[in-house]
Amino acid sequence: MPNYIKIEILRMLRNKRYIIFVVGFPLAFYLLYSSLWGAEADSNGVKGSLILMVSMAAYGALAASMMSTSVPWAQERQSGWLRQLQITPLPSWSIVVTKLITSLLLVLPSLVLVCLAAVLTQGVSLRAWQWAALLPIMWIGTVPFAALGLIIGSLLSADSAQPVAMICMLGLSFIGGLLIPVEVMSATVKSVAQVTPSFSYADMGWHLVAGTAPPLRDVATILVWAAVLGTVAVFAYRRATVRA
Amino acid sequence: MKAIAFTDVSKSYGNVLAVDGLDLAVEAGQTVALLGPNGAGKSTSINMLLGLLRPTRGRIEILGRLPEEAVSRGEIGAMTQSGELIPELTVGELVDFVRRLYPSPLGLDEILKTADLTDLVRRRAAKLSGGQAQRVRFALAIAGAPKLLVLDEPTAAMDVESRLRFWAGMRDYAAGGRTVLFATHYLEEADEHSDRVIVISGGRIVADGTAAQIKAGAGGHTVRFVLDGQSSTGLDALPGVSAVEISAGTATLRTADPDATVAALYRGTSLEVRELRITGADLEDAFLALTREP
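From a predicted model like this one, the values you see are computed outputs, not experimental measurements.

Participant: Can you help me understand the overall build of chain B in this one?
Facilitator: Regarding its fold elements, chain B presents 10 helices and 13 strands. If one aligns the C-alpha atoms of chain B with their principal axes, the spans along those axes are about 75 × 45 × 35 Å. Across the 294 residues in chain B, those meeting the buried criterion constitute 51%. In chain B, the share of contacts with a sequence separation of at least 24, taken over all contacts with a separation of at least 6, comes to 66%. Taken as a whole, chain B presents about 13,300 Å² of accessible surface, with 47% of it coming from carbon and sulfur. Side chains of chain B carry 31 positive and 38 negative charges; the gap between the two charge centres is 6 Å.

In structure tokens:
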């Protein structure tokens, strides 16, 4: 399986779409936005450079986990690569486990690069415990998005998985307040935003950089989403790989 | 123990019976061609053999085990009909990845050499021609040194050059005492590259034997000549002749013994025989005769 993970990582790192959308965009947006609003502080006195760091890292991580699962998986099912694997001794559970591990590993470049950019260009500094909590939470917190990507890739053809994944990714990023702050949303949209996995995910980070513990509500929301999407993903995956 | 054993295997999709009571046994070490027109049930049979489909009825054993078990033990390698590669990976990476999935694979260099890919090892799959990609898929099929190699229309996307190299590779692989089963609708391929030809049509076996036996079974040779206006009476009584057709002034005799037929044609009749042609029955005639819709 390590070998399988290796080639999955390799192929995504050679994929221009992954590099541009998932690694390039969040980094470029961070550099742009933080140069505009990095010095401004929000109502709690937290600087824009910090908030934007979490937002862009969250966006990159969310995009990475969905992009590395949905479309490649739909393509593999359709193109016969899955079939090729099914006639080797590779156990079928290891395919889905590999997809999940790969997706988690592919989240790291954008997460780390955005944080690094924040430290280097904006002089962002956090206490050790904040980094120690922020990075793992923002990393593991992508599990519901990877599950959503697997659902899309299991149920749709490659052609329709592409736009659907894109819409989900951007939709979740917008409503979760990753691309525009939740504060500017209307009260109705805001109340919807609070139950999305993307908002809860980023909100944990925003709290951490403000020096407070993530609210229980966020943790609970993301766990519920992880459980629900994870269960659906298992069913969708089984349906997609069933041998008639 | 048989390499492949089908016992009364049927597969239906809804009301359509794709495979109908197939009984089949293949000894280890044989190279078998599964020949049949499109829709004959070749791919369905192969997908059941690989454990990708389950039979509606009957039992399949590969080397004494269920197909899924044989697959998970790495005893089967296969090229199914469509199967794209991962475009971002190189030939070497793909082959090495797949070979490492097997318990006792062939060496990487040996695989590349057999599939004639040594020069393409660093090329990405996205940049391969159709024939080259097929050769990579062949390499993936043999990578694990499977005892049973199954190829479903392996030369479909290949040009003549690739085809020649492919069959040379296949023969190298089979020479190690391994069992090979390949499906094709190219008659020459079945004729040239197999020890045994199984013809299936409508989900059933309609002929099974060496290519020579199948040709003989379908009426042997044909003797043709220009008859023009002469009488055809008595042609069907010539030695060996099983059928006579007259069309556009040409007589076509099907015969099991062309020498005797021709000798009798000259000595025993007063016909003026012009433009005599004798053709060995090719497998194509046999095939058409066998798979003709009733």
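Additional details are given in the paragraphs that follow.
Participant: Just checking my understanding: could you explain a positive patch on the surface for this structure?
Facilitator: A surface patch of like charges, here positive, comprises K16 of chain A together with R123, R124 and K127 of chain B. Along the chain, the position of K127 of chain B falls in the loop between α4 (108-114) and α5 (130-142).

Participant: Would you mind showing me how to read the sheet that holds strand β10 (residues 221-226) of chain B here?
Facilitator: Through backbone hydrogen bonds, the strands of a sheet pair up, either in parallel or in antiparallel fashion. Residue and element names in this part refer to chain B. Read from one edge of the open sheet, four strands run β11-β12-β10-β13, paired in antiparallel fashion. The two strands at the open ends of the sheet, each matched to only one other strand, are β11 (241-247) and β13 (274-279). Between one strand axis and the next, the sheet turns by 15 degrees as a mean value, whatever way the strands run. Against the sheet, helix α9 (residues 258-268) makes contact with β10, β11, β12 (250-255) and β13, and its axis sits at roughly 165 degrees relative to β13, the strand it touches most.

Participant: Before we go on, may I ask you to explain the UniProt feature "transmembrane region" (unreviewed entry) in chain A in this structure?
Facilitator: All names here are of chain A. UniProt feature "transmembrane region" (unreviewed entry): in the numbering of this structure it lies at residues 18-38, 50-74, 95-119, 131-152, 164-182 and 219-237. Taken end to end, residues 50-74 has its terminal C-alpha atoms 36 Å apart, with 92% of it in helix and 0% in strand. Structurally, residues 95-119 comprises 100% helix and 0% strand, and the distance from its first C-alpha atom to its last is 37 Å.

Participant: Teacher, can you tell me more about the nonpolar core here?
Facilitator: General note: in soluble globular proteins, nonpolar side chains tend to be found buried as a group. Of all hydrophobic cores here, the largest spans 118 residues; its most connected members are Y30, M53 and W81 of chain A together with L85, F138 and L151 of chain B. At 14 residues, helix α3 (residues 48-67) of chain A tops the list of elements feeding residues into this core. Excluding residues that lie within four positions of it along the chain, L151 of chain B makes contacts with I46, M79, F138, F166, M170, V180, L181, F182 and A183 of chain B. One finds I4, V32, I46 and V150 of chain B within the second-largest nonpolar core, a separate group that totals 31 residues.

Participant: Explanation requested: the packing of aromatic side chains in the structure shown.
Facilitator: How two aromatic rings sit relative to each other is given by the distance of their centres and the angle of their planes. Considering all chains together, one arrives at 12 aromatic pairs over all chains under this definition. Residues F21 of chain A and F25 of chain A carry aromatic rings whose centres are separated by 5.1 Å and whose planes lie at 45 degrees to one another, so their mutual orientation is tilted. Here F21 of chain A pairs with F25 of chain A, and both are found in helix α2 (residues 16-37), just four residues apart, close to one helical turn. Judged by relative accessible area, which is 31%, F25 of chain A ranks as partly exposed. Taking 4.9 Å as the distance between ring centres and 70 degrees as the angle between the ring planes, the aromatic pair formed by F138 of chain B and F166 of chain B counts as edge-to-face. Of the two residues, F138 of chain B sits in helix α5 while F166 of chain B sits in helix α6 (residues 160-175), which places them 28 residues apart along the sequence. With a relative accessible area of 1%, F138 of chain B lands in the buried category.

Participant: So what exactly am I meant to see when it comes to the environment of A227 of chain A here?
Facilitator: By secondary structure assignment, the location of A227 of chain A is in helix α12 (residues 216-241). As a C-alpha pair, A227 of chain A and A147 of chain A span 80 residues in sequence and 9.4 Å in three-dimensional space.

Participant: Explain the interface of chain B and chain A here, please?
Facilitator: Interface size is commonly expressed as the accessible area that is lost once the parts come together. In this assembly, 33 residues from chain B lie in contact with 21 residues from chain A. Interface area for chain B against chain A, summed over the two sides, is near 2,500 Å², with a carbon-plus-sulfur share of 60%. Among the residues chain B hides against chain A, the three largest losses belong to L52, E88 and F97 of chain B. Together they make up 26% of the total. Run the count over chain B and chain A and you get two salt bridges.

Participant: Please clarify how the sheet that holds strand β4 (residues 57-62) of chain B should be interpreted in this entry.
Facilitator: Residues and elements named next belong to chain B. The sheet built from three strands is open, its strands ordered β2-β1-β4 with antiparallel pairing. One side of each edge strand has no neighbouring strand; the edge strands of this open sheet are β2 (16-26) and β4. Direction aside, neighbouring strands of the sheet carry axes that sit 20 degrees apart on average. As defined by bridge partners, strand β1 (residues 4-13) adjoins β2 across seven bridges and the pair is classed as antiparallel. Paired with I4 across the bridge in β2 is V26. Taken strand by strand, helix α1 (residues 42-49) contacts β1, β2 and β4, and its axis lies near 120 degrees from that of β1.

Participant: Before we go on, may I ask you to explain the layout of surface pockets in this structure?
Facilitator: Unfilled space is identified by rolling a water-sized probe across the atoms. Considered as a void within the structure, the largest pocket measures approximately 840 Å³ in volume. Looking at the lining of the largest pocket, the elements with two or more residues in it are α2, α3 and α11 (197-209) of chain A. Looking at the lining of the largest pocket residue by residue, the class counts come to 17 nonpolar, eight polar and five charged. In this structure, the second largest pocket spans a volume of roughly 310 Å³. In terms of lining residues, the second largest pocket is bounded by 18 residues, among which R11, N15, P72 and Q75 of chain A together with E88 of chain B are the most central. Of all the elements in the fold, those that place two or more residues in the lining of the second largest pocket are α1 (2-13), α2 and α4 (70-79) of chain A. Tallying contributions element by element places α4 of chain A first for the lining of the second largest pocket, with five residues. Class assignment of the residues belonging to the lining of the second largest pocket gives a composition of nine nonpolar, four polar and five charged.

Scoring rules and cut-offs
- Residues numbered from 1 in each chain as written.
- Chains lettered and ligands numbered in written order.
- Predicted model: local features only at pLDDT ≥ 70, side-chain atom pairs only at ≥ 80, totals over all residues.
- Heavy atoms only, no water.
- Helix = DSSP H or I, 4+ residues; strand = E, 2+ residues; numbered from the N terminus.
- Buried < 20%, exposed > 50% of the residue type's maximum accessible area, 1.4 Å probe, protein only.
- Contact = heavy atoms within 4.5 Å.
- Areas by Shrake-Rupley, 256 points an atom, 1.4 Å probe, with all protein chains shown as cover.
- Lys, Arg positive; Asp, Glu negative; His and termini not counted.
- Charge placed at Lys NZ, Arg CZ, Asp CG, Glu CD.
- Patch = residues over 30% accessible without salt bridge, like charges linked within 9 Å, V, L, I, M, F, W, Y side chains within 5 Å.
- Salt bridge = Lys/Arg side-chain N within 4 Å of Asp/Glu carboxyl O.
- Pairing = 2+ DSSP bridges.
- Axes fitted to C-alpha atoms, helices over the stretch in contact; angles between N-to-C directions.
- UniProt positions renumbered as here; feature names shortened; annotations may be inferred.
- Core = buried A, V, L, I, M, F, W, Y, C linked by side-chain atoms within 4.5 Å.
- Phe/Tyr/Trp six-rings, centres within 6.5 Å; stacked < 30°, edge-to-face > 60°.
- Buried area = accessible area lost by both parts, 1.4 Å probe.
- 1 Å grid on protein atoms, 1.4 Å probe; cavity = no way out; pocket = protein on both sides within 12 Å on 5 of 7 lines; lining within 4 Å.
- Points joined across faces, edges and corners; volume = space filled by probe spheres on them.
- Nonpolar A, V, L, I, M, F, W, Y, C, P; charged D, E, K, R; others polar.

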